[in-house]
Amino acid sequence: MRASDWIELALFISILAVLNKPLGIHIYRVLDTEGKTIFDAIFKPLENLTYKICSIDKSKEQNWIEYAIGLLLFNFVGMLLTYFVLRMQHVLPLNPEHIGPMAPHIAFNTAISFGTNTNWQSYIPEKEVSYFSQMVGLAFHNFTSAATGIALAAAFVRGIVRTEVKTIGNCWVDLTRITYYLLLPLSLVGALLLMSQGVPQNFHAYIRYLPLDSKAHEGACIIPQGPIASQEAIKLLGTNGGGFFNANSAHPYENPTPLSNFMEMLLIFLIPSALTYYFGLSCKKLRHGWSIWLTMVLLFLVLSLSCYWLEHAGNPFFKPYGIEQLTNMEGKETRFGIFESTLFAAVTTAASCGAVNSMHDSFLPLSGMIPLFNMSLGEIIFGGVGSGLYGMLLFVILSVFLFGLMIGRTPGYLGKRIGAYEIKMAVLALMIQYILILGMSSMAIYSSWGRAALGNNGPHGLTEILYAFTSTSQNNGSAFGGLSATSIPYAICLALAMYFGRFFVIIPVLAIAGSLVCQKRYISQMVFPTSGALFVFILGATIFLLGALSFFPVLTLGPILEHLMMARGKMF
Amino acid sequence: MKLFHSLVLSVKLTLLLLLILSGIYPFTVYILGKLLFPYQSGGSLIIDSKGHVRGSLLIGQNFDSPRYFHSRPSVSTYDGLNSGGSNLAPSSSDFIERIKKRATHYRKENGIASLNLIPADAVCASASGLDPHISLKNALLQAPRVAKARKADLKAIENLILKNTQNPLANIFGEKSVNVLKLNLELDKEYPLP
Amino acid sequence: MKPSKNVVSFWSLALIASAIKEAFIKLNPFSLWKNPVIFVTEIGAFITTIEMIRSSESFSFTLQISLWLWFTVLFANFAEAIAESRGKAQAESLKKTRTVTMAKKLLQGKEVIVNASELKKGDLVVCVAGDTIPSDGEVVEGAATVDESAITGESAPVIRESGGDRSAVTGGTRVISDRIVIKITAESGNTFLDRMIEMVEGAKRQKTPNEIALTILLASLTFIFLLVVLTLVPFLKYSQAPVSIPILTSLTICLIPTTIGGLLSAIGIAGIDRLVQFNVIATSGRAVEASGDIDVLLLDKTGTITLGNRMATEFIAAPGIDHYRLVDAAQLASLADETPEGRSIVILAKEKYGLRGREVLDTRAKFIPFSAKTRMSGVDFFSADGSCCERRIRKGAMDAIEAYLKEMGASIPQSVKEIVEKVAKNGGTPLVVVEGKEVLGVIELKDIVKGGIRERFARLRKMGIRTIMITGDNPLTAAAIAAEAGVDDFMAQVTPEQKLNRIRQEQALGHLVAMAGDGTNDAPALAQADVGVAMNTGTQAAREAGNMVDLDSNPTKLIEIVEIGKQLLVTRGALTTFSIANDVAKYFAIIPAMLMSTFPEISPLNIMQLRTPESAILSAVIFNALIIILLIPIALKGVKLKTISAENLLIKNILIYGLGGVIAPFAGIKLIDQLLFFLHLV
C-alpha cells in the first residue's frame, strides 16, 4: 500500500469517528418523539401534517407485535406499489425512452429487492426502467426500507434500555421522523455533493452523440440521463445499493471521481456508524457504544486490508503476456485503481449496500471471497442502516451469553437477563440466515436451472451462486455479476431469500426487544465487561468464529480451492 | 379491525411519502442542480462549435483509429445502454484467452517488444465498460503511434498527455489517469485533420 | 470447606463399574433424545455402523470410525452416569434410614401403634429414647437429644425441644434420650429425607433456566453444523468431489459441540452434588444457579460474623470503688451463671486478676439466674442466721439495673452512665454490677469477630458481593462490630419485618439477595430472598421457607454456596468455549482430507501434515471422543475460581479454554495421527 492509501483509509475512519457524536446525538433526538432537532423549523409542520393526514396518534406507543405488524404492512404496501409501477411504466409519465413494462417475475423480484433494502438487480436499469419507475418505484424504497431498518434498531434499543414496560415505540412516528429529520436532509446534502462531482440530475431523454472516432462505434451512440444524483445519495445513505445504471457505482455518472467515491463510502457508513453512538447514548454507556464501533472498525480494517493485499498480488496467469505487476484491472475503473476498488468492495459488503465500483466477480479468488465473507458474517460490520446495529446486538447477546457464563453469573446484558427465550430468538435469527444462504444456494447448484445461469466454470461458478444467495439473504444486493439470474426460478428463489432474510429476521429481533423491555434491570458490581479491549476481543472473536465455522467448508470448495488450483496453474 | 386500520394508515403514509420522496425531493435536487451545478447536472456534455453533442466528459468512447489514443477494452464497446464488465473469473481460460489477444493486439498496434511490460489497464476490460480514463503509462505507450499517425512530434504529444494527466486529488484520492476523450479532443484541436 | 463425613470418592471401582453399565443403558434413544447433541452423535454412530457393509471406504476404516462414534456417545453417557453415581450411592444410604414402619400415634391421650406411612399432617406422635422419628415434625412437648447423623453425618447428638427455634425434627433421625411429642408436618413420601433423597439421586432433576438456554444454544449449533454438512453435499457434487457417508458423518460429529453436549448434565449434577458433599441440600437446581448471581448477602451477626457468644474483656470500676471489689463481685455473681458470657466473666477474673473461682457454700448463697422478665442475674448471700441478705449482687444491662435500683429508690450515677456509653460506642456490651444499692462498675462484654472473616468479606467484595450484617444490638455496638468485621453495611436493632423489607428494597434496586436464618420469624425473609438458607437446627417453618437447608447449621456457609453456584456456571461456560474452539483444528484435519483425493492441490490446507486422509479423519474423531473422557474430572470438580474479579476470571478462562481450546486439538490430533501410524491402524 502506498502512503496515500494509508492516509485515505485513516481519513475515512477519522471522519466517521468525528461525525459519530454530532450525528449520533441528532439520531437520538430524531428517535425521541419529543426530541428537538435542527430541522424542526422546516420539517415540524410537515411532521404534524403527516400525523394529521394519516391519523397517527404520536403519543400512543406499541408493543412489539403491533410494531412488527405496522412495519410489515407498510413495507408490503410499498412493495405492491413498486410491482405495479414497474409493470405499468409504459403508461406512466416520465418515460422519454418509451421503455416497456418489466417482465412479471423480474418486477416481483425487484419489488421485493427494493422493499427489503437489498437492491439486488435482475434487470438492466438503463434499458428496462423509466425515470418514473426509478423515482417512484425504486428510490422511494431506498428511503422507506432504510427508515424501516433504523426504526427496528430503535425499537430494539428501547427494548434494552427501558425497564418493566411493554411498549417499544410507535412505528409510524419512527418511520416519519427518521425519513424527515434524518434521511431527507442528509440525502439532499449528499445529492448536492455528488452533483458537484458530476453526477447528473435531469429529466432529459437519453443523449445521442456524435463520437469522435465514428468508425469505432456501431449503431447509435447513446448516453442515458436521469434524476441520478437524488437517487444516488439515498442509495448509499440508506445502504441500499441499487444502481441507476447496470454498472452501478462503477458507472462514471454514478461515481465520477475518486472524491465522489470517497463521499459515497462515507455516506454508506455514516448512519450505521453513528447508530453505535446513538446506542451508547441511549443506554447511558457511551463507552459501550464506542466499543461496538471499535469492534466494527477493527473487523473492517482486517477484512478490507486483506482484500487489498490479496487482490494486489495479481493474477499469475498474466505472467506470459508481460503485464505490469500482474495487476488485475479486469472489472476495475482506472480512476479508482486496486486500492479504492477493494476498499469500496469491503465497505459495501461490510455495510449492507449492494453498490459496486468494480466487478467482484473478476476479483482474484481470495480477495473476491472477502466481500462474500463480509456478507456471511451477517452484515454487522457497520452493516445496513439499523439492521447493522440490531444484527450486531444479536451477536453481543450471543457472546455475552457464551462468555458471560465464565464470570460465574447468569449472563446478563446491561442488567437484563439473557435467558432461554432471548437465546432462542437470537439463534433463530441466525439460523434463518444460514438456512437461506446454505439451503438455497445448495438447492440452486443442485438444479439444472441453477447451474445454467453460471458465468464461470469450476469453483468460481460455485462462488457465484453462493454469492448470490448470501447477498440476497443478507439483503446486501451486491453480485458476482457473471451469474445471469434472470430466469423465473432464480427471480423467485432470490426474491424469497430477500423477503425471508429481511422480514423473518425482524420477528425474532422484535421478539427479543419485547421480552427485554418487560424485564427489570439487575444491578451488580460483577458484570460482564461491555467496553474495553476485552469486550472488543470477545465480540470480534465470536463474530469471526461463528462466521468462519459455518462457511469455511463451502468456501473451501469455492474461492479457496480456486486459489489453490490457480497457484498450480489450473484454469477453468 | 386494528389490522385494517394499520393497512389504511400504511396506504396513506405511503402516498404521502411518495409525494415527498419521489416528487418534491428529486425536483428540489433538480432545481438546485440547475442553479448550482448546471454543467454537471446536465451530464457534463461536450458540445462542439456546431452545436453537436460529442459525448460526455465522464463517459468513455471507443477509439479505433491509430490517430487517436485508445480507451481501455470494453465488454460492450462503449455502448451506453450496456454498462458493465465482463464478470469473467481470473481463473477463466476464456478470460486469459482474451487477455492474450488484447496483449498481442496492443503490443502489435503500439510496437511494444515482448520484453517490455504493458500496463494492466490496456488489456483488462473496465468495470463500467465506459471507463473514460487510461493510465498514464498506457497513454505514453500509445504516444509514438499517435505521433506517427498525426505526423507530430513525439515530445509534443507526450507533453499533451502530461498536460491532460489527472493527478490524485491532494495526492490522496485516486490514481494518475488520463481522460482519453479529453486528450483526443485536445489532439484534434492541436493537430486538426487536414 | 469442611468435607462431610460420608464422602464417597468418584473414582471407587464400584462406582466406575456401575457408571459403565449405566452408560450402555443410556444408549436408549428414547431417553437420549433429550440431549440433542449426543442424540445426533448416536444417529451418526448408527449410520456409520450400517455403512460398514455398504460404504466404498475400507472396512477397517469405517469400522474404526463407527466404533469411535459409539465411544463418543458412551463417554458422554458415562460422564453423566459417574456424576449421578455418587448421589445415587448417597441416596442408597439415606434410604436405609427410612426404615421406620411403625409410629406411636397419640389418639385422645392414648398411644396407638400405626403404620408410619398412614401419618397425616397434624397428627401427634410420641417418641422415646431409642425410637426413630417417623416423619418430619415439630416438637410440641418435651425435649430430647436426637442423633441426626443419618442425614448430617454429624455424630454428636443435638437437642430438640418444644418452643423456640430448635423445635424441628427430621424423619429418620433417632431419639437418644427423653420423651418428646411431635406434631407431624410432612406426610410420608414428602418428608425432608424424601426430598433429600430425590435431590441427591437426581431423579426429579429439572433443567435450570440457564441450562435450558445453553441447551438451546447447543441444539442450534448442532442444527447449524448439520445444515453446513448436509448442504455441502450438492456443492461437493457440483465440484465432482465424491465424499463418502462415513466421512461426512465424521465431519458432522466433529463439528457439533459434543464435548459440552456430553458433559453439560454432568456439570449440573456435580454442582448439586458438591453442595450435598458440603452438607447443604438445595430444593432445586435453580437455587444453586441463583446462588452464583447473589450480590447482596444478609448475614446474622451472631454465629456468622462473630463467635456465637460475647466474652468479657474488661472490668471498669465506678469512680471511688475499689477495682478488686468490682472484680470480686462480678465473679461471685457469675459463678453459677452457666451462660458463655457468665463463664467468660469468671475466666477473665481468674486470668487477669488472679481471682480463682471459689467454692461457694450452697447453703449460704442463692443464685438468681437470668430471666427474661428481670433481664438480670446475680447472687444473694444469706447471713449466718439465714436471713436475707448479707450481700445482694446483680449484673445486667443498664436499663434493667436502673429499673432494679429505682425500686429501691436509688439510681445509677452519671459517671457510670458515661462508662456504659463509652463501652457501647466501642462495640462492647456493658453489664452494670451492683451490690445492694451501690453501683460497683461495669463489665465490658465484647463480640469476638471470627478469625479470617474480614478476609472472606474482602474476597466477597472482589466478587462484587455486598455483605450486610444484621443484629439486634444497638446501632453504636453494631457499627463498631461492622467496622471490625469489614462488612459493607449493617442493620441494627432489627425486627423480622425490617429484614423482609430490606430484602425487598435490595431486590427492587435490582439486586439478588441471599440470607440465612433459623427462626420461625425468619421464614418470610427466607422465602423472599433469592437464596434462603435455612439452618437444619431451625424451625420447620424456616426450613420450608428457604430453598436450601444447611445440615451443619453453619450460616458462614453462604459464602461457599455462592462460590459453588459461580463455579457451576463458570464450568459450563468454560467447557462450551473449549468445545467450540476445538472445531477450528478439526476443520483443518477433515476438510483437506476429504477433498485430497479429488483435488491434490488442497494439500496446503493440511497444516498439521497428517499422514493420510483416513488417518486425519480418524484422528479427529478419536480426539473428539477422548476429550470428553479427559474433561470429566473438570466437569465433576468444577473449574477452580482462584481469581475472582469478573475481568480477571474472564481473561483467565478465555486464555485457558478459548485459546487452549484452539491449540490443544492441533497437538492432540497430530499426536493421535502419529500413534495410528505406528500402530498400523490406518
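Procedures and definitions
- Residues numbered from 1 in each chain as written.
- Chains lettered and ligands numbered in written order.
- Predicted model: local features only at pLDDT ≥ 70, side-chain atom pairs only at ≥ 80, totals over all residues.
- Heavy atoms only, no water.
- Helix = DSSP H or I, 4+ residues; strand = E, 2+ residues; numbered from the N terminus.
- Buried < 20%, exposed > 50% of the residue type's maximum accessible area, 1.4 Å probe, protein only.
- Lys, Arg positive; Asp, Glu negative; His and termini not counted.
- Salt bridge = Lys/Arg side-chain N within 4 Å of Asp/Glu carboxyl O.
- Contact = heavy atoms within 4.5 Å.
- Expected span 1.5 Å × (residues − 1).
- Bend = angle between axes of the 7 residues up to and from the residue.
- Polar contact = N/O pair within 3.5 Å; in protein donor to acceptor, adjacent residues only side chain to side chain.
- Nonpolar A, V, L, I, M, F, W, Y, C, P; charged D, E, K, R; others polar.
- Pairing = 2+ DSSP bridges.
- Axes fitted to C-alpha atoms, helices over the stretch in contact; angles between N-to-C directions.
- Domains from an automatic or database assignment.
- Parallel < 35°, antiparallel > 145°, perpendicular 65-115°, else oblique.
- Left-handed = near helix turned anticlockwise from the far one by under 90°.
- Phe/Tyr/Trp six-rings, centres within 6.5 Å; stacked < 30°, edge-to-face > 60°.

Undergrad: Help me out: how do you make sense of the side chain of Arg274 of chain C in this one?
TA: Residue and element names in this part refer to chain C. Following the sequence through the fold, Arg274 ends up in helix α9 (residues 258–277). With no salt bridge to any partner, buried Arg274 finds its closest opposite charge in Asp273, at an N-O distance of 7.2 Å. Ignoring any residue separated from it by four or fewer positions in sequence, one finds Arg274 in contact with Ile564, Gln567, Leu568, Ala635, Leu636, Lys637 and Gly638.

Undergrad: How should I be thinking about helix α4 (residues 59–96) of chain C in this particular structure?
TA: Structural remark: α-helix, 3.6 residues per turn; residues separated by three or four positions point the same way. Between the first and last C-alpha of α4 of chain C there are 52 Å, a value that for 38 residues agrees with the 56 Å anticipated at 1.5 Å per step. At Ser85 of chain C, α4 of chain C shows its maximal bend, which comes to roughly 30°.

Undergrad: How should the interface of chain A and chain B be read in this particular structure?
TA: Size of an interface: often given as the accessible area lost when the parts come together. Every contact between the two is made by 111 residues of chain A and, on the other side, 102 residues of chain B. Summed over the shared surface of chain A and chain B, the result is five salt bridges. Put simply, Glu175 of chain B and Arg2 of chain A hold a salt bridge, and the shortest N to O gap is 2.9 Å. At the boundary of chain A with chain B, the tally comes to 51 residue pairs in polar contact (both at pLDDT 80 or more). Looking at the side of chain A that touches chain B, its residues break down into 62 nonpolar, 33 polar and 16 charged.

Undergrad: Would you explain the environment of Asn119 of chain A in this entry?
TA: All names here are of chain A. You can see Asn119 is positioned in the loop between α4 (104–115) and α5 (125–128). For Asn119, a relative accessible area of 0% translates into the label buried. Dropping the residues within four chain positions of it, Asn119 is found in contact with Ser113, Phe114, Asn142, Asn240, Gly241, Gly242 and Gly477. For Asn119, the side chain forms a polar contact with the side chain of Asn142, separated by 3.1 Å.

Undergrad: What am I meant to see in the sheet that holds strand β6 (residues 158–161) of chain C here?
TA: Sheet strands pair via backbone hydrogen bonds, and the direction of the pair is either parallel or antiparallel. Residue and element names in this part refer to chain C. Strand order across the open sheet formed by three strands is β6-β5-β8, with antiparallel pairing between neighbours. The strands lining the two open edges of the sheet, one partner per strand, are β6 and β8 (174–177). Strand-to-strand, the axes of this sheet are offset by a mean angle of 50°, without reference to chain direction.

Undergrad: Just checking my understanding: could you explain the sheet that holds strand β1 (residues 102–107) of chain C for this structure?
TA: All names here are of chain C. The six strands lie next to each other as β2-β1-β3-β9-β4-β7, forming an open sheet whose pairing is antiparallel. Because the sheet does not close on itself, it has two edges, and the strands there are β2 (110–115) and β7 (168–169). One ladder, built from two bridges, connects strand β4 (residues 137–141) with β7; its direction is antiparallel. Looking across to β7, one finds that Gly137 is bridged to Val169.

Undergrad: Can you help me understand the domain arrangement of chain B in this one?
TA: Split by domain assignment, chain B resolves into domain 1 (2–39) and domain 2 (46–190). Summarising the inter-unit geometry, the C-alpha centres of domain 1 of chain B and domain 2 of chain B are found 41 Å apart.

Undergrad: Looking at this structure, how should I read the packing of helix α10 (residues 286–312) of chain A against helix α18 (residues 533–567) of chain A?
TA: The relative placement of two packed helices comes down to the angle between their axes together with the axis-to-axis distance. Residue and element names in this part refer to chain A. Running from N to C, α10 and α18 point in directions that differ by 50°, and their axes come no closer than 9 Å. Classed by the angle they form, the pair α10 and α18 counts as oblique. As α10 runs across α18, the sense of the crossing is right-handed. Contact residues: His288, Ser291, Ile292, Leu294, Thr295, Leu298 and Leu299 in α10; Phe535, Val536, Leu539, Gly540, Ile543 and Phe544 in α18. Residues that form the contact of α10 with α18 fall into these classes: nine nonpolar, four polar and no charged.

Undergrad: Which parts of the structure should I look at to understand the pairing of strand β18 (residues 466–470) of chain C?
TA: Taken residue by residue, a regular strand's side chains alternate between the two faces of the sheet. All names here are of chain C. Burial runs high along β18: four of the five residues are buried. The pairing of strand β11 (residues 296–300) with β18 spans five bridges and is classified as parallel. Across the sheet, Asp300 pairs through a bridge with Ile470, a residue of β18. The pairing of β18 with strand β19 (residues 489–491) spans three bridges and is classified as parallel. Bridge pairing in β19 links Met469 to Phe490.

Undergrad: Explain the packing of aromatic side chains here, please?
TA: In this description, an aromatic ring pair is defined by two values, namely the gap between the centres and the angle between the planes. Throughout the structure, instances matching the rule amount to 36 aromatic pairs over all chains. For the ring pair Phe143 of chain A and Tyr25 of chain B, a centre distance of 5.2 Å and an interplane angle of 85° mean the geometry is edge-to-face. Here Phe143 of chain A is found in helix α6 (residues 131–161), whereas its partner Tyr25 of chain B is found in helix α1 (residues 2–36) on a different chain. Neither Phe143 of chain A nor Tyr25 of chain B differs from the other in exposure class; each is buried.

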